[in-house]
Amino acid sequence: SPLTPTATAKQDVTTTRSIEGLERAAPSEQQVAAGSKQQRTGEQQQHTMSAPIPMTNAAAAASAGGARAQATNNWAVIVSTSRFWFNARHSANALSVYHTVQRLGVPDSNIVLMLADDTACDARNALVAHVYNNKNHEVNLYGAAVEVDYRGYEVNVENFLRVLLGRHDAHVARNKRLLSDANSNVLVYMSGHGGDGFLKFQDAEEVSSQDLADAFAQMHEKRRYRQLVFIVDTCQATTLYEHFYSPNVIAAGSSRRGEDSYSHHNDRVIGVSVIDRFTYYMLEFFERHVRHRNSTARLLDLFKYATYERTSSHAGWSYDLLEGGAAVAERLLVTDFFGAVQHVDAHSAV
C-alpha cells in the first residue's frame, strides 16, 4: 500500500554548461548501416497528465501484440548520477527500476546499471549493505542479484555517452556495453539532480539536452534501436528532451520547466529520503498493473499515473517523434520496453 508522505527534499538546480562530444572517440563496435539520416525538427508538444486510460481494452492489446512482435530483444540503461549520502534516494530509484525490468524477464546481460555512489556501504548507513526504497525495509535492493556495471567515478558523462553510442576501447568488458541493434527496444532511465536542459553527474559535470539529442541521433544512424523510451526523474525533467529529433524516441519526465521534483518520504533509521515521488508512483503502477510479463497495461497509462496530486509536480511526456503518432503510442505496452522479448525464427528444412 502507498506510504504516507512525510518530509520532502527538493532536487538541486545549478548553472548549465556544455559538454564536449565524442568526436575523437574510438571507432564504433557496430558497422553504420547505409542510408541517410532521418530528422524531425520543430517544437515538441508537452503532454500534461490526465486521467488514466482504461486498462481493459482488448482490441488495443491485440494490436499492441502485433507491434511488439517486431522487436526481437530489449535492453535497459539505468543510471543514478548522484553521489553523497544525502542523495541515497537516487540510487534507490535506479535499483528499483533495475529490479522491475529484471522481474519482467530482462536478463542482466541486457541491462547496463550505473550507480554513482555505493550507498549500501556508506559509513552513515545504519543498515549496512542494504538499500531500501521504503521505510518499512521490506526488500533489500542491494542483494546478491545485483550486478553493477559502472560504479563510483566510472559514472560520468563520457562513459554514459560511450555506452549509448557503443564507442569503447577494446578492453571494455561485455557487461559494460549496450549491444543493441536495429530490432532492439531500448529503455533509458535516469535519476539525479538537474535543471533547465541539463542533468548533473556527481556534482562535477552535466549532460545537456542537446548532448542527449545528438547521442540518440547517432544511435539511430548506427541502427542501435528500433524504438527508444527515455524516462528521467529530476527537477525540470521535461526540458531534457526538448531538443530530441530522432525517429521513434518516446520521452517522459517528472516535472516541467521551472518545477522541482520531490522525494516521497524519509526513513528515520537512516535519516534521509529513500525514494522520489515520480519513481515511487511508477513502481506502484507496476505493482498494481504489471505483475507479469504478459500484462496488457499500456505505456501511456504508466506516464499518466504520475498525476500532480501524487507527485506534486506536472510530469509530462512526448511521442511526437514516434512513427505512426498517437495511434501507435496508444497501442504500446509497458512490457514492450520494461519486459523481455522472446523471438524465434522458424525455417523449414530443405
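Preceding this paragraph is the structure being described.
Residues numbered from 1 in each chain as written. Predicted model: local features only at pLDDT ≥ 70, side-chain atom pairs only at ≥ 80, totals over all residues. Heavy atoms only, no water.

(A) Up close: helix α2 (residues 88–103). Here α2 contains 16 residues, and its C-alpha end-to-end distance of 23 Å stays within 8% of the 22 Å for a straight helix at 1.5 Å per residue. The element α2 is largely enclosed, with a buried count of 13 among its 16 residues. (Helix = DSSP H or I, 4+ residues; strand = E, 2+ residues; numbered from the N terminus. Expected span 1.5 Å × (residues − 1). Buried < 20%, exposed > 50% of the residue type's maximum accessible area, 1.4 Å probe, protein only.)

(B) A look at the sheet that holds strand β8 (residues 205–208). Strand order across the open sheet formed by three strands is β6-β7-β8, with antiparallel pairing between neighbours. Only two strands of the sheet have a single neighbouring strand rather than two, namely β6 (194–195) and β8. As paired elements, strand β7 (residues 198–201) and β8 share four bridges and run antiparallel to each other. By the bridge assignment for β8, F198 is matched with S208. (Pairing = 2+ DSSP bridges.)

(C) Broad picture of the pattern of salt bridges. Here the structure, examined in full by the defined rule, presents ten salt bridges. In this structure, E284 engages R288 in a salt bridge whose closest nitrogen and oxygen atoms are separated by 3.9 Å. Note that E284 and R288 are positioned in helix α5 (residues 277–289) at a spacing of four residues, about one turn of the helix. The class for E284 is buried, based on a relative accessible area of 7%. For R288, a relative accessible area of 45% puts it in the partly exposed group. (Salt bridge = Lys/Arg side-chain N within 4 Å of Asp/Glu carboxyl O.)

(D) Region of interest: helix α4 (residues 209–221). Look at α4: 19 Å from first C-alpha to last across 13 residues, which is about the 18 Å you get at 1.5 Å a residue. Looking at α4, one finds that the buried residues are S209, D211, L212, A213, A215, F216, A217 and M219. Packed against the buried residues of α4 are α3 (157–165), β5 (184–191), β8, β9 (227–233) and β10 (249–253). One or two steps after α4, the chain reaches R223, where phi turns positive at roughly 55 degrees. (Contact = heavy atoms within 4.5 Å.)

(E) Structural view of unusual backbone geometry. Unlike most non-glycine residues, A129 shows phi in positive territory, near 65 degrees. Mapping A129 onto the fold places it in the loop between β3 (111–115) and β4 (150–151). One non-glycine residue, Q202, lies in positive phi territory at about 60 degrees. Positionally, Q202 belongs in the loop between β7 and β8.

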